[in-house]
Amino acid sequence: MNGRPRVLVTRALPEAGMNKLFLHCDVTVFSAERQPTAEELKALLPQYDALLCTLMDKIDRELLQTARPKVVSTYAVGYDNIDIAAATEFGIPVTNTPGVLTNATAEIAWALLMAVTRRIVEADHFVRQGKWSGWSPLMLLGTELAGKTLGIIGCGRIGLAVAKRAKAFEMNTLYLNRRRLEEATENEYGLTYADLDTLLGQADFVSLHVPYTPEAHHLINRDALRKMKRSAFLINTARGAVVDEAALVEALQMGEIAGAGLDVFEAEPQVHAGLLPLQNVVLAPHLGSATWETRTKMAEIAVENTIKVLQGEHPISLVNP
Ligand code: DGY
């Protein structure tokens, strides 16, 4: 390649992870405040050799065909925002950042689960609003974890990390996965394989960890929600559209399930208006990987992937089949 390659980075990322990119390439960071619109991306990208984007950027066929970047490096493990088939057809490598956000995402699933079952957000508001008049035997009672059943849907890296933590809480764990895990892994993590109906019917907490694919669209729909226990909680840190949000709102309003902890939504950053008044729901703005440690490592990997492809080497994590 003649001269330094030009890389468009759509959002400002942790500086510590970006240094190598600045060293090797001419870098334009679109903005710290917002992602580019589809039109802005379409106008800008043809001027660059590579794109380092986030999950908020829609990388569709038209953009790929017009701009033909040498690599699309996404700053995420999920890549449902990118038309992989089109990228593959045009010979454009797409890379992601798997592995490094496993713990952070598992931790937020647990944070949401514990926040909603122990009513932490409600309790915080209660204290701040001056409503606390002293210890009381029946005040803000919640649900205990020990001895209960966790149902994990999608048992890849993150699902397994969630299962590992469930063991420490002395819980039983059912799981459902595209492929059944090795017996040794099931034993190590204390996992019992179950079909969807069994898992939904028996779990006290259902936690979603599947990638978003057409098959996963609305996997948790009205029917699935009705199969859950009325005392059960749903935790979603995967992708919003794995759950039919309108059906979830209805189930929560009708008391068909006990509560939900949600980090992801169908039309981010919009949140279904029906969720907002509900006390039995804890909402977070897609914070699964939002720790300094993880976001820095994600930047390092996204940068490494970009540089490697630009230098004609194999990236660390290629998504194309
Ligand atoms: C991802 O990387 O896919 C996560 O959703 C970001 O937090």
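Every chain is numbered on its own, with residues counted from 1 as its sequence reads. A pLDDT threshold of at least 70 governs which residues receive local features in this predicted model, and a stricter bar of 80 or more applies before side-chain atom pairs are shown or counted, although totals over entire chains, interfaces and linings include all residues.

### Topic: the UniProt feature "domain: D-isomer specific 2-hydroxyacid dehydrogenase catalytic" (unreviewed entry) in the protein
Move 1: UniProt positions are given in the numbering used here, feature names are shortened, and annotations may be inferred rather than shown by experiment. Feature annotation in UniProt places "domain: D-isomer specific 2-hydroxyacid dehydrogenase catalytic" (unreviewed entry) on residues 7–320, given in this structure's numbering.
Move 2: The annotated region residues 7–320 carries 37% helix and 16% strand content, and the separation between its end C-alpha atoms amounts to 20 Å. For helices the rule is a DSSP run of H or I covering at least 4 residues; for strands it is a run of E covering at least 2, with both sets numbered from the N terminus onward.

### Brief notes about the packing of helix H5 (residues 102–117) against helix H7 (residues 157–168)
Move 1: Where helices are involved, their axes are fitted lines through C-alpha atoms of the stretch in contact, as for all axes, and angles between N-to-C directions lie from 0 to 180°. For the pair H5 and H7, the least separation of the axes is 8 Å and the interaxial angle reads 55°. When the axes of H5 and H7 are compared, the pair comes out oblique. The interaxial crossing formed by H5 with H7 has right-handed handedness. Along the contact surface, H5 presents Thr102, Asn103, Thr105, Ala106, Ala109 and Trp110, while H7 presents Arg157, Ile158, Ala161, Val162 and Arg165.
Move 2: Three classes are used, and their members are as follows: Ala, Val, Leu, Ile, Met, Phe, Trp, Tyr, Cys and Pro are nonpolar, Asp, Glu, Lys and Arg are charged, and the others, Gly among them, are polar. Counted by class, the contact of H5 with H7 contains six nonpolar, three polar and two charged residues. The cut-offs work like this: below 35 degrees is roughly parallel, past 145 is roughly antiparallel, 65 to 115 is roughly perpendicular, and the gaps in between are oblique. Each crossing gets its hand from how the near helix is turned against the far one by less than a right angle, where anticlockwise is left-handed and clockwise is right-handed. Two residues form a contact once the distance between their C-beta atoms, set from the backbone, is within 7 Å.

### A short note on the UniProt feature "domain: D-isomer specific 2-hydroxyacid dehydrogenase NAD-binding" (unreviewed entry) in the protein
Move 1: Sequence positions flagged by UniProt for "domain: D-isomer specific 2-hydroxyacid dehydrogenase NAD-binding" (unreviewed entry) are, in local numbering, residues 111–288.
Move 2: What you have in residues 111–288 is 32% helix and 16% strand, and the ends, taken at the C-alpha atoms, are 10 Å apart.

### Section: the sheet that holds strand S1 (residues 6–11)
Sheet strands line up and pair through hydrogen bonds in the backbone, either parallel or antiparallel.
Move 1: With parallel pairing, the five strands of this open sheet are ordered in space as S2-S1-S3-S4-S5. Edge strands, defined here as strands with exactly one partner in the open sheet, are strand S2 (26–31) and strand S5 (94–95).
Move 2: As judged from the four bridges shared by strand S3 (residues 50–53) and strand S4 (residues 71–74), these two strands associate in the parallel manner. Its bridge partner being in S4, Cys53 is matched across the sheet by Thr74.
Move 3: Of the strands in this sheet, S1, S3, S4 and S5 are in contact with helix H12 (residues 292–310), which crosses S4 at around 170°. Only when DSSP finds a minimum of two bridges between them are two strands counted as paired.

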